[in-house]
Amino acid sequence: MGDDVSPQEGVVLLKQTDPEAIAAIRTTADKLRHSQAGDTVTYIINRNINFTNICEQHCSFCAFRRDDGDAGAYWLDWTQILEKSTDAVQRGATEICMQGGLNPQALIDGKSLTYYLKLVETIKQEFPQIHLHAFSPQEVQFIARVDGLEYADVIAALRDAGVGSMPGTAAEVLDDEVRRVLCPEKIDTTTWLEIVSTTHKLGLHTTSTMLSGHIETPEQQISHLEKLRSLQKTAMDRGYPARITEFILLPFVGKEAPKPLRRRVGRDQPVLADALLLGAVARIYLGNWIPNHQPSWVKLGLAGATEALVWGCNDIGGTLMEEHITTMAGALGGTCMEVETLQTAIASLGRPYQQRDTLYQKVWSF
């Protein structure tokens, strides 16, 4: 294990513009990927269920949210949730990833937590074997606020009902200056970190993400990676039963984003070169602590995500089956990927592929 690079060194890496320097960063990230995660590229068969797009918040990058009564607003009922889950299982999914808007009407007997527990139980009663990767730190805070509960109580209740792990989304950039522009109503950096750390303490693994390529600086990008590295070190140093399983870079797609941010960013689609460099630096920065790195084929397209596999990534993500949040933002990557398509992309690099589950255990399909 090589020494960790410092935040100052990380910023220097991100600011490189010389093609030879960037090539050296790519080579280093690829070598680290080989030593930290091996040559096999993993993927997961999963389904996304975005159960509602009705949301009380107004994030400046979000093209997904709607107010109740708006054209295009939706809220799945229990039958629809079960239909989507059944379809996922029939198509070989080992994971259902479930997240949604913060819908103030999503209550049962006046309680938010009771509604979320019913979401979990609707799926787990029918399919106890499926891994439920569900509810971001933002959703945990929303439930806790509505019901007047502690974060730990919400997390423990969701865990006991059958949630298997938590998506590390709603992180965007873990810098409150950026968040004031990007998502002023969302939880602040400290709260996000507190909820994820509590989740690890209570035995649920999480992922980690960064929404990149909008208004943030290289210094803020590195500060975000530093916070994730510290979070993982805390989980390991304190012997928590769970930790961060992967890092996923989510480049900003602005085509349908609200106009003020879109104008400020000045483009509709991610810049692949920027995403590849940041992904490589993330491998160098985090790889000793978080060995699994994943690009987003939804945001970068499959060709871009495949390219990221030689810039430090070792996982190509999931089949998803459906995806609304990024697609409604105007992404070109599509919403569903066949297993064979992912396998072919990986094989094009001369690398072996392997199906995995949410926690990176091998899955053998017959």
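For the structure, check the block above.
Please read all numbers here as calculations on a predicted model, not as lab measurements.

Colleague: Quick question: what am I supposed to make of the packing of helix H5 (residues 137-147) against helix H6 (residues 151-161) here?
Modeller: Think of two packed helices as two axes; the pair is described by the angle between the axes and how far apart they sit. H6 packs onto H5 with a crossing angle of 115° between their chain directions and a minimal axis gap of 9 Å. By the angle between their directions, the pair H5 and H6 is classed as roughly perpendicular. Of the two possible hands of crossing, H5 and H6 adopt the one that is right-handed. Residues Val140, Gln141, Ile143 and Ala144 of H5 lie in contact with H6, whose contacting residues are Tyr151, Val154, Ile155 and Leu158. Across the contact of H5 with H6, the residue classes tally to seven nonpolar, one polar and no charged.

Colleague: What is the right way to look at the sheet that holds strand E6 (residues 205-212) in this model?
Modeller: Where strands meet in a sheet, backbone hydrogen bonds hold them as pairs that are either parallel or antiparallel. The parallel open sheet is built from seven strands, whose spatial order is E2-E3-E4-E5-E6-E7-E8. The outermost strands of the open sheet, each flanked by one partner alone, are strand E2 (46-50) and strand E8 (293-294). Against the sheet, helix H11 (residues 272-286) contacts E6, strand E7 (244-251) and E8, and its axis sits at roughly 160° relative to E7.

Colleague: What should I look at first to understand the nonpolar core in this one?
Modeller: Generally speaking, nonpolar side chains in soluble globular proteins are found buried as a group. Grouped together as the largest cluster of nonpolar side chains are 101 residues, with contacts concentrated most on Phe135, Leu158 and Trp192. A per-element tally of this core places H11 first, with 10 residues. Apart from the residues lying within four places of it in its own chain, the contact partners of Leu158 are Leu113, Tyr116, Leu117, Val120, Phe135, Val140, Ile143 and Val163.

Colleague: Please explain unusual backbone geometry as it appears in this structure.
Modeller: Leave glycine aside and you will find that most residues have negative phi; peptide bonds, for their part, are mostly trans. The phi dihedral of Ala170 is positive, around 65°, even though this residue is not glycine. As for its position among the elements, Ala170 is in the loop between strand E5 (163-166) and helix H7 (176-182). Classification of Ala170 as buried rests on a relative accessible area of 7%. If you check the backbone angles, Tyr360 has positive phi at about 70° while not being a glycine. Along the chain, Tyr360 turns up in the segment after strand E10 (353-355). The exposure class of Tyr360 is buried, given its relative accessible area of 16%.

Colleague: Just checking my understanding: could you explain the side chain of Lys186 for this structure?
Modeller: The residue Lys186 is located in the loop between H7 and helix H8 (189-201) in this model. Under the relative-accessibility criterion, Lys186 is labelled buried at 16%. At 2.5 Å, the side chain of Lys186 forms a polar contact with the side chain of Glu172. Apart from residues lying up to four places away in sequence, Lys186 is in contact with Gln57, Cys59, Phe61, Gln138, Ala170, Glu172 and Arg179.

Colleague: How should I be thinking about the packing of aromatic side chains in this particular structure?
Modeller: Given two aromatic rings, their pairing is described by the distance between the two centres and the angle made by the two planes. Scanning all chains against the criterion turns up eight aromatic pairs. Pairwise contacts between aromatic rings join Phe51, Trp75, Trp78, Tyr115, Tyr116 and Phe135 into one cluster. Taking NZ or CZ as reference, Arg229 lies 3.8 Å from the ring centre of Tyr285, over its face.

Colleague: Looking at this structure, I do not really get the pattern of salt bridges. What am I missing?
Modeller: A side chain with one charge can pair with a side chain of the opposite charge if their charged atoms come near. Applying the stated criterion across every chain, the model contains 17 salt bridges. A salt bridge links Glu219 to Lys15; the shortest N-O distance between them is 2.6 Å. Of this pair, Glu219 sits in helix H9 (residues 218-237) while Lys15 sits in the loop between helix H1 (7-14) and helix H2 (19-37); the two residues are 204 residues apart in sequence, bridging distant segments of the chain. Judged by its relative accessible area of 46%, Lys15 falls in the partly exposed class. When the shortest N-O distance is used, the salt bridge between Glu256 and Lys255 registers 3.6 Å. It is possible to trace a salt-bridge network through shared partners that takes in Arg47, Lys84, Asp87, Arg91 and Glu322.

About the criteria used
- Residues numbered from 1 in each chain as written.
- Predicted model: local features only at pLDDT ≥ 70, side-chain atom pairs only at ≥ 80, totals over all residues.
- Heavy atoms only, no water.
- Axes fitted to C-alpha atoms, helices over the stretch in contact; angles between N-to-C directions.
- Helix = DSSP H or I, 4+ residues; strand = E, 2+ residues; numbered from the N terminus.
- Parallel < 35°, antiparallel > 145°, perpendicular 65-115°, else oblique.
- Left-handed = near helix turned anticlockwise from the far one by under 90°.
- Contact = heavy atoms within 4.5 Å.
- Nonpolar A, V, L, I, M, F, W, Y, C, P; charged D, E, K, R; others polar.
- Pairing = 2+ DSSP bridges.
- Core = buried A, V, L, I, M, F, W, Y, C linked by side-chain atoms within 4.5 Å.
- Buried < 20%, exposed > 50% of the residue type's maximum accessible area, 1.4 Å probe, protein only.
- Polar contact = N/O pair within 3.5 Å; in protein donor to acceptor, adjacent residues only side chain to side chain.
- Phe/Tyr/Trp six-rings, centres within 6.5 Å; stacked < 30°, edge-to-face > 60°.
- Lys NZ or Arg CZ within 6 Å of the ring centre and 35° of its normal.
- Salt bridge = Lys/Arg side-chain N within 4 Å of Asp/Glu carboxyl O.

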